[in-house]
Amino acid sequence: SQDKFNATSLDTTALVIVTLQAFAGMWINAFIVSVLFAALVKKRSFNSNEKILLFLGCSRFWYLCIVWVHFFILIIYPRHYYVHPIPQLADAIQILLDFSNLWASSCLAVFYCIKIANFRHFFFTYLKTKIDKMVPWLLLGSVLLSLIISILVYKVADGVHCNKPNATTTGNFWKMTVKMDAYFFPIFFIIGFAYAIAFLAVIFSLLLLLFSLWRHKCRMRANSGKDVSADAHIKAMKSILAFIFLHSINFICLILSLVYATKKKNPKTLLIVVFLNAFPAVHSLVLIFSNPRLEKALLRTLLCVKCK
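Residues numbered from 1 in each chain as written. Predicted model: local features only at pLDDT ≥ 70, side-chain atom pairs only at ≥ 80, totals over all residues. Heavy atoms only, no water.

### Section: the packing of aromatic side chains
The condition is simple: In summary, the pairing rule links any two rings of Phe, Tyr or Trp, Trp by its six-membered ring, whose centres are within 6.5 Å, and it sorts them by plane angle into stacked for under 30 degrees, edge-to-face for over 60 and tilted for everything else. Strands are runs of DSSP state E lasting at least 2 residues, helices are runs of H or I lasting at least 4, and numbering of each runs from the N terminus. We call a residue buried when its accessible area falls under 20% of the maximum for its residue type, exposed when it is over 50%, and partly exposed in between, using a 1.4 Å probe and counting protein chains only.
Using the criterion set out here, one finds 10 aromatic pairs in the structure. A ring pair is formed by Phe23 and Trp68, whose centres lie 5.5 Å apart and whose planes are at 75°; its orientation type is edge-to-face. Of this pair, Phe23 sits in helix α1 (residues 2-43) while Trp68 sits in helix α2 (residues 48-76); the two residues are 45 residues apart in sequence, bridging distant segments of the chain. Using a relative accessible area of 23% as the deciding quantity, one classes Trp68 as partly exposed. Ring plane angle 50° and centroid distance 6.3 Å describe the contact between Phe111 and Tyr112, whose orientation is recorded as tilted.

Put into structure tokens, the structure is as follows:
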């Protein structure tokens, strides 16, 4: 039928797009991890910024890998996918890695704000001296929080599977839908709340950092009449604006993914999936061009590839 043909076409399109995004994002984040690991071997030490970037790159690499495997099995082998407990485990692992990289990117934004921004408040000065010691604990806390949420997702999904009624009639189908909404609403609320906390931490930190850089740039121009570091400040502010834009789009898509989580597949859900899977790759790419070491390593790699 026409509906079945449209569904098959949509599934194929989704698989192709997710495959391209996943492999591109995996390559970008593997590049970040390899450069940082090579630097670790040479220096035998890591600064806090590199710790966060390494954790972020690893979590995003495995997140994109799991997303691709999830889509591949779901579309190519749907009968095998719906065997208990594969869907529950897939959702739980995906949530674990998704929240890990989401909270890691939040930690990175907070770290940049505290390290770079210049405010005279005593609490901000205290954080500036303690942030390096706090970074490992922040990363550990993000993993534990992600693990708790993933366990809740598994429990709820398993409860829906075990208590799913027979949907052979219209009345039973309506009861099943209501029951699924009743099961999923608490966990959707918790996930949405966690998304909002991470988003607000990122936006608040980046806006403070943007304000601090802009104020510092204005002071330098007023004192010297010629801002010798204007290009560096402008580049940093452009990167911050790019981060704000990317995180805003990602947050909107995350909330929409919760809204359409129990709905049937349609072009809207495909568009949401495209934006969500593009975020780890695009955000990591902006991080590369915002970091001098990563940018130089990328340019050297591209130059070697071009010469060969």
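### A few points about the confidence of the model for the protein
Heads up, the condition is: The quantity known as pLDDT measures the predictor's confidence residue by residue, on a range of 0 to 100. Two residues form a contact once any of their heavy atoms are found within 4.5 Å.
Mean pLDDT over the protein: 80, with 81% of residues reaching 70 or higher. Of all secondary-structure elements in the protein, the lowest mean pLDDT belongs to helix α6 (residues 170-224), at 73, while α2 reaches the highest, 89. Here residues 165-180 is modelled with pLDDT under 50, and outside its nearest four sequence neighbours on either side it reaches 9 contacts, counting other chains as well.

### Remarks on the packing of α2 against helix α4 (residues 86-116)
Which entries qualify depends on this criterion: Inter-axis angles, ranging from 0 to 180 degrees, are taken between N-to-C directions of lines fitted to C-alpha atoms, where helices are fitted over the stretch in contact. Put simply, angles under 35 degrees are roughly parallel, angles over 145 are roughly antiparallel, angles from 65 to 115 are roughly perpendicular, and the rest are oblique. Crossing handedness is read from the near helix: turned anticlockwise from the far helix by less than a right angle, it gives a left-handed crossing, and turned clockwise, a right-handed one. Classes in brief: Ala, Val, Leu, Ile, Met, Phe, Trp, Tyr, Cys and Pro nonpolar; Asp, Glu, Lys and Arg charged; the others, Gly included, polar.
Look at α2 against α4: their axes get within 9 Å of each other, and the N-to-C directions meet at 155°. Accordingly, the angle class assigned to the pair α2 and α4 is roughly antiparallel. Crossing of α2 against α4: the hand is left-handed. Of the residues in the contact of α2 with α4, the class split is 15 nonpolar, 8 polar and 3 charged.

### Side note on a nonpolar patch on the surface
Selection criterion: Residues form patches when they are more than 30% accessible in relative terms and have no salt bridge. Like charges link within 9 Å. Nonpolar side chains (Val, Leu, Ile, Met, Phe, Trp, Tyr) link within 5 Å. Method for areas: the Shrake-Rupley scheme with a 1.4 Å probe, in which residue coverage is limited to the protein chains shown. What counts as a salt bridge is simple: a side-chain nitrogen of Lys or Arg found within 4 Å of a carboxyl oxygen of Asp or Glu.
Together, Ile148, Leu152, Phe185, Phe189, Ile190, Phe193 and Ile197 line one region of the surface with nonpolar side chains, adding up to about 710 Å² of accessible area. Within the residue set of the nonpolar patch, elements represented by two or more residues are α5 (122-162) and α6. Sorting elements by how many residues they give to the nonpolar patch places α6 first, with 5 residues. Within the secondary structure, Ile148 is located in helix α5.

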